[in-house]
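Next come the chains, spelled out residue by residue.
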Amino acid sequence: MSTIAIEDHHGLSVCQKQPVAIERGLGSYVWDEQGRRYLDFTAGWGVTCLGHSHPVIVSAISEQAGRIMQNPNSGFTYSPVRARLLTLLQQVLPPGLARVFFANSGAEANDAAVKLARKVTGRPQVIAVQGSFHGRTLGTLSLSGSSANAEKFLPRVPGNIFVPFGDIESLALAMTEQVAAVILEPVQGEGGVRVPPAGYLRAVVELCQANGTLFIADEVQTGFCRTGHFFAVDAEGVTPDILTMGKGIAGGYPFAALALTESVANGVNKGDHGGTYCGNPLGCAVSIAVVNFLVQHDIADRVATMGHHALQVLKTLALEFPLQIAEVRGQGLLIGIQMQDDQLVAQLTEICLHKGLMITPTRGAVLRIIPGLLLSMTELEEGISILASALREQQRGMVAETKLCV
Ligand SMILES: Cc1ncc(COP(=O)(O)O)c(C=O)c1O
């Protein structure tokens with residue numbers, strides 16, 4: 001049986017897949033089993049920030065695997081490689097986030113953040129925002145503002161209130177002395193790449209401070225230079241009480257973290273949290289390699305420049321194809337192309353794939369561009385030119401359909 005047949009038969013299919021089996025990747029490209037090459041604008045869901053199989057990651061894995069792999073955060077002993085990562089993270093985290101706990105996935109980091117916020121404040125409620133995505137555990141699903149996912153698994157974990165994203169007045173109205181935390185993504189990713197108005201994050205921080213409520217910034221998708229800043233909250237120079245990280249933190253190795261201020265950490269006691277693999281030395285070694293690379297090569301700056309250029313070019317494309325594209329928006333290399341409807345998105349995704357470009361839809365009829373951060377200008381232009389040719393092909397189909405109807 002083929003790879004596709006076996007996965008379809010024995011795997012638990014939870015996602016609409018394209019009939020392509022990817023066998024290897026290098027830099028911005030991946031190859032399928034037949035040797036066909038694709039330019040990857042998905043980075044494995046925004047994870048492979050240094051591209052596929054970057055040599056610094058490959059050598060960090062093999063060097064650390066030969067030394068020791070397992071000895072977690074919540075284990076009996078300390079770890080020199082974990083200590084090195086903790087020191088390094090202090091160079092890149094917003095000032096004041098002095099304590100870090102490592103986790104294995106973004107959802108797990110968010111779950112822990114909310115759990116600890118409840119304990120530290122002694123309050124039962126959490127405010128989240130509409131359109132948000134914080135993960136797929138029962139706790140994080142209950143906090144995700146897209147009802148489509150959560151309502152299949154009712155009842156939600158209680159105590160959550162939802163307000164519109166980017167709207168500080170609604171947040172202020174929902175704030176009470178019962179609210180332990182506000183959780184939101186500085187730029188919404190899965191919710192369709194939505195950028196809040198300038199000043200929103202600062203206003204959220206001030207509102208939380210005035211009410212004794214913790215602000216949890218979910219930087220699982222936006223962190224590690226994705227938006228052209230090391231963390232997206234850096235754009236407004238604010239420090240959340242808790243910042244969660246995942247995806248780019250270890251460039252493809254499953255790893256995550258939450259960073260807390262000293263004052264939040266003071267409310268956490270021994271035994272409050274843990275996990276068998278949390279902070280394992282292998283993940284720490286890979287994360288050190290990734291963070292060092294991002295810092296030493298000033299990748300945040302590079303992403304800001306590339307993202308600006310990509311937005312300009314894509315906005316011109318939007319003018320050329322108004323019946324297909326409604327808007328282009330984003331920050332750094334997290335870009336959303338708002339299409340006129342979901343059907344157009346699905347069709348364009350397939351046409352792009354046939355032309356050698358992997359690009360994925362996200363919620364609300366949006367096509368998301370979230371490539372590796374080392375993408376070259378030539379690769380960016382190659383991707384946009386494939387996209388333009390796919391849009392042209394789609395447009396021709398639309399015109400032909402209209403003629404048939406007439
Ligand atoms: C903002 C955000 N938070 C949390 C998550 C969940 O992370 P994970 O899939 O690693 O659990 C995601 C995943 O897409 C995300 O984009």
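Only a predicted model underlies this, so the values are computations on that prediction, with no experimental measurement involved. (Residues numbered from 1 in each chain as written. Predicted model: local features only at pLDDT ≥ 70, side-chain atom pairs only at ≥ 80, totals over all residues.)

**Q** Would you mind going over the overall build of the protein with me for this structure?
**A** Looking only at helices and strands, the protein features 14 helices and 15 strands. By the compact-globule yardstick of 22 Å for 406 residues, the protein fits well, its C-alpha radius of gyration being 21 Å. Dimensions along the principal axes, computed over C-alpha positions, put the protein at roughly 70 × 55 × 45 Å. Counting only residues that meet the buried cut, the protein has 46% of its 406 residues in that class. (Helix = DSSP H or I, 4+ residues; strand = E, 2+ residues; numbered from the N terminus. Rg over C-alpha atoms; globule rule 2.2 N^0.38 Å. Buried ≥ 20, exposed ≤ 12 C-beta atoms within 10 Å, placed from the backbone.)

**Q** When you look at helix 12 (residues 299–320) in this model, what are you seeing that I'm missing?
**A** Here helix 12 contains 22 residues, and its C-alpha end-to-end distance of 31 Å stays within 8% of the 32 Å for a straight helix at 1.5 Å per residue. Residues Ile299, Ala300, Val303, Met306, Gly307, Ala310 and Leu314 constitute the buried set of helix 12. When helix 12 is viewed along its axis, its buried side chains cluster within an angular range of 120° and face the same direction. Within helix 12, the exposed residues directed more than 90 degrees away from the buried face are Asp301, Thr305, His308, Gln312, Thr316 and Leu319. (Expected span 1.5 Å × (residues − 1). Arc of directions from axis to C-beta.)

**Q** When you look at the environment of serine 62 in this model, what are you seeing that I'm missing?
**A** Assignment of secondary structure puts serine 62 in helix 3 (residues 55–65). Residue class for serine 62 comes out exposed when judged on the 11 C-beta atoms lying within 10 Å of it. Sequence spacing of serine 62 and alanine 174 is 112 residues, and the spatial spacing of their C-alpha atoms is 50 Å.

**Q** Got a minute to help me understand the site of the ligand in this structure?
**A** In the vicinity of the ligand lie 15 residues, with Ser105, Gly106, Ala107, Val220 and Gln221 positioned nearest. With three residues, helix 5 (residues 106–121) is the largest single contributor of residues to the shell around the ligand. Residue composition of the shell around the ligand, grouped by class: four nonpolar, eight polar and three charged. (Near = placed C-beta within 6 Å. Nonpolar A, V, L, I, M, F, W, Y, C, P; charged D, E, K, R; others polar.)

**Q** Whenever I open this one, the domain arrangement of the protein confuses me. Can you help?
**A** One frequent convention defines the size of an interface as the accessible area lost when the parts assemble. Segmentation of the protein into domains returns domain 1 (3–53 + 299–405) and domain 2 (55–296). For domain 1 versus domain 2, the separation of C-alpha centres amounts to 27 Å. Counting residues at the interface gives 26 residues for domain 1, matched by 27 residues for domain 2. Secondary-structure elements contributing two or more residues to the side of domain 1 that touches domain 2 are helix 2 (43–46), helix 12, strand 11 (325–331), strand 12 (334–339) and strand 15 (366–369). The greatest single-element share of the side of domain 1 that touches domain 2, amounting to five residues, is contributed by helix 12. Classifying every residue of the side of domain 1 that touches domain 2 by side-chain character gives 12 nonpolar, 11 polar and three charged. (Domains from an automatic or database assignment. Contact = placed C-beta atoms within 7 Å.)

**Q** I keep staring at the sheet that holds strand 2 (residues 29–32) and nothing clicks. Help me out?
**A** Sheet strands pair by backbone hydrogen bonding; their relative direction is either parallel or antiparallel. On the basis of which strands lie adjacent, the open sheet formed by four strands has the order 1-2-3-13 and mixed pairing. Either end of the sheet is taken by a strand with one partner, and the two such strands are strand 1 (22–26) and strand 13 (357–358). As defined by bridge partners, strand 2 adjoins strand 3 (residues 37–40) across three bridges and the pair is classed as antiparallel. Bridging from a neighbouring strand, tryptophan 31 pairs with arginine 37 of strand 3. (Pairing = 2+ DSSP bridges.)

**Q** Would you explain the nonpolar core in this entry?
**A** Most often, soluble globular proteins have nonpolar side chains that are buried together. Ranked by size, the top nonpolar core spans 111 residues in total, and within it Ala117, Val182, Ile216, Ala257, Leu258 and Val290 carry the most contacts. Examining the composition of this core, we find that nine residues originate from one element, helix 11 (residues 281–296), more than from any other. Two domains share this core, each providing at least three of its residues, namely domain 1 (3–53 + 299–405) and domain 2 (55–296). Residue contacts for leucine 258: discarding those within four places in its chain leaves Phe101, Ala103, Ala109, Ala112, Ala113, Ile242 and Thr244. (Core = buried A, V, L, I, M, F, W, Y, C linked by C-beta atoms within 7 Å.)

**Q** Hey, could you run me through the packing of helix 3 against helix 11 in this one?
**A** When two helices pack together, their arrangement is given by the angle between their axes and by how far apart the axes lie. At their nearest, the axes of helix 3 and helix 11 sit 9 Å apart, and the two run at 150° to each other. Judged on the interaxial angle alone, helix 11 and helix 3 are roughly antiparallel. Along this stretch, helix 3 crosses helix 11, giving a crossing that reads as right-handed. Contact with helix 3, carried on its side by Val56, Ile57, Ala60, Ile61, Glu63, Gln64 and Ala65, involves Pro281, Leu282, Ala285, Val286, Ile288, Ala289, Val290 and Phe293 of helix 11 and no other residues of that element. (Axes fitted to C-alpha atoms, helices over the stretch in contact; angles between N-to-C directions. Parallel < 35°, antiparallel > 145°, perpendicular 65-115°, else oblique. Left-handed = near helix turned anticlockwise from the far one by under 90°.)

**Q** Even after reading the chapter, I still don't get the environment of glutamine 347, so can you show me in this structure?
**A** With respect to the helices and strands, the residue glutamine 347 is situated in helix 13 (residues 342–354). Given 18 C-beta atoms within 10 Å, glutamine 347 falls into the partly exposed group. Taking the C-alpha atoms as reference points, glutamine 347 and leucine 357, 10 residues apart in sequence, are found 13 Å from one another.

**Q** It is not clear to me how the packing of helix 4 (residues 80–92) against helix 11 should be interpreted in this structure. Could you clarify?
**A** In the contact formed by helix 4 and helix 11, the axes pass within 9 Å of each other and the chain directions differ by 30°. The angle between helix 4 and helix 11 places the two elements in the roughly parallel class. Note on packing geometry: the crossing formed by helix 4 with helix 11 is left-handed. Along its contact with helix 4, which presents Val81, Arg82, Arg84, Leu85, Leu88, Leu89, Gln91 and Val92, the element helix 11 presents Pro281, Cys284, Ala285, Ser287, Ile288, Val291, Asn292 and Val295. When the residues that make up the contact of helix 4 with helix 11 are grouped by side-chain class, the tally is 11 nonpolar, three polar and two charged.

**Q** Where do I start with helix 13 in this structure?
**A** The periodicity of an α-helix, 3.6 residues per turn, causes residues three or four positions apart to be oriented the same way. In this model helix 13 runs 19 Å from its N-terminal to its C-terminal C-alpha over 13 residues, within 8% of the 18 Å that 1.5 Å per residue would give. Buried within helix 13 are the following residues: Leu344, Val345, Leu348 and Cys352. Buried residues in helix 13, looked at end-on, bunch into an arc of 100°, giving them a common side. The exposed residues of helix 13 that point more than 90 degrees off its buried face are Gln343 and His354. Directly beyond the C-terminal end of helix 13, a positive phi value near 95° is found at glycine 356.

**Q** Looking at this structure, I do not really get the pairing of strand 12. What am I missing?
**A** Each regular strand shows side chains that alternate between the opposite faces of the sheet. Most of strand 12 sits out of view: five of its six residues are buried. As defined by bridge partners, strand 11 adjoins strand 12 across six bridges and the pair is classed as antiparallel. The residue bridging glutamine 331 from the neighbouring strand is leucine 334, located in strand 12. Counting the residues that bridge the hairpin from strand 11 to strand 12 gives two residues, and of these glycine 332 lies at a positive phi of roughly 60°. Relative to strand 15, strand 12 runs antiparallel, the two sharing four bridges. Paired with isoleucine 337 across the bridge in strand 15 is leucine 367.

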